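# Observations on chain architecture
Here are the chains, one letter per residue:
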Amino acid sequence: ARAPLAIELLRDTYRDADGVATYSVSFLQWMGVSMPLVLTMTALAIIALLWVFPSEVVDITRATRMLNLRVKALGAMSRRERRLVVLMLATIGCWVSLGARVDVAVIAVFAAVALAVFRIVSWQETQEYMNWGVVVMYGGAVALGAALKDTHAMLWVAQQVLPNQEVPPMLLLLLIAILTLVTSCAISNAAAVAVLLPVGYALCDVAQPAVH
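So, here's what we can say about the structure. Here the structure is a predicted model, which means the values were calculated and not measured. Within every chain, residues take consecutive numbers counted from 1 along the sequence as written. Under the rules for a predicted model, residues below a pLDDT of 70 receive no local features and side-chain atom pairs below 80 are neither given nor counted, while totals for whole chains, interfaces and linings still include all residues. Side-chain metrics rest on all non-hydrogen atoms present in the structure, leaving aside hydrogens and water.

## Examining the overall build of the chain
Rules: Under the DSSP-based scheme used, a helix requires at least four consecutive residues in state H or I and a strand at least two consecutive residues in state E, with every element numbered from the N terminus. Put simply, the radius of gyration uses C-alpha atoms, and a globule should come to 2.2 Å times the residue count raised to 0.38. Under the scheme applied here, a residue whose accessible area is under 20% of the maximum for its type counts as buried, over 50% as exposed, and between as partly exposed, the area being computed with a 1.4 Å probe on protein chains only. Note on contacts: a residue pair qualifies if any of its non-hydrogen atoms lie within 4.5 Å across the two residues.
Along the backbone of the chain there are 11 helices and 0 strands. For a compact globule of 212 residues, the expected C-alpha radius of gyration is about 17 Å, and the chain comes in at 22 Å, more than 25% above that figure. Considered along the principal axes of its C-alpha atoms, the chain spans approximately 65 × 50 × 30 Å. Within the chain, the proportion of its 212 residues that are buried is 21%. Across the chain, contacts joining residues at least 24 apart in sequence account for 71% of those joining residues at least 6 apart.

## A short note on the environment of Ala143
The residue Ala143 is located in helix H7 (residues 132-150) in this model. Of the residues examined, Ala143 reaches a relative accessible area of 45% and is grouped as partly exposed. Along the backbone, Ala143 and Ala194 are 51 residues apart, and their C-alpha atoms lie at a distance of 8.3 Å.

## Things to note about the pattern of salt bridges
Put simply, the rule reads: For this analysis, a salt bridge means a side-chain nitrogen from Lys or Arg found within 4 Å of a carboxyl oxygen belonging to Asp or Glu.
Taken as a whole, this structure holds 1 salt bridge when the rule is applied. The shortest N-O distance in the salt bridge between Glu125 and Arg80 comes to 3.1 Å. Of the two residues, Glu125 sits in helix H6 (residues 123-129) while Arg80 sits in helix H4 (residues 79-98), which places them 45 residues apart along the sequence. Among the residues examined, Glu125 registers a relative accessible area of 25% and is labelled partly exposed.

## Some remarks on the nonpolar core
Rule in force here: For the purposes of this section, nonpolar cores are sets of buried Ala, Val, Leu, Ile, Met, Phe, Trp, Tyr and Cys residues that join through side-chain atoms within 4.5 Å.
Core analysis: the biggest nonpolar cluster contains 10 residues, these being Leu5, Leu9, Leu10, Tyr14, Ala141, Ala191, Val193, Ala194, Val195 and Tyr201. Of all the secondary structure elements, the ones that give two or more residues to this core are helix H1 (2-13) and helix H10 (189-206). The biggest single contributor to this core is H10, with 5 residues. Look past the residues within four positions of Leu5 in its chain and what remains in contact with it is Val142, Ala190, Val193 and Ala194. Of all hydrophobic cores here, the second largest spans 7 residues; its members include Met154, Ala158, Val199 and Leu203.

## Digging into the side chain of Thr91
Looking at the secondary structure, you find Thr91 in helix H4. Apart from residues no more than four positions distant in its own chain, Thr91 is found in contact with Ile107 and Ala111.

## A few points about unusual backbone geometry
Non-glycine residue Arg119 carries a positive phi angle of around 55 degrees. When you line up the elements, Arg119 lands in the loop between helix H5 (104-117) and H6. Look at Arg119 and you get exposed, because its relative accessible area is 70%.

Limitation: the analysis is restricted to geometry and does not speak to function.
Structure follows, in structure tokens:
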């Protein structure tokens, strides 16, 4: 959820005079950059769980038996569940193949509409399970980030943080990382991305000679 949001903010921030995005990152490009870190962190997590923090549970037979009984009680997949699987795979496929040309948010909206069109989820079920507080929080964070960009407030913040405009790239990255860690302690990670990325882009623009 954070990566598509970051990509969309990148596209919206840097556009030419005709409104065309000057920077575009495809799903495969993003995966090529992120997967080495994902694999490294996964390996470190496995090592930590197996050797540094060994499990205190010896026998999980009863838990496995209970889970198997729960799975059998669910029965076969219904037609609605099959339609949901097809829609989910189609949405992911569109994100992967069309994400560089079509906004991922547009694809997500079409997928949400398709849930109702193909009668996969009813509005009553949506009301019961949807956490509207989270939706409002994300929407507010995105709106705040857009306001920082449109009013050039993020540029003012960047100029206050970097008055001399001579900052090494690694120091700039460390500054953004610290801001993200502090902010994500108070709000969700996705909201922190929506608020801080415009500021981060402005910091890069101010320190552009040093970064380049």
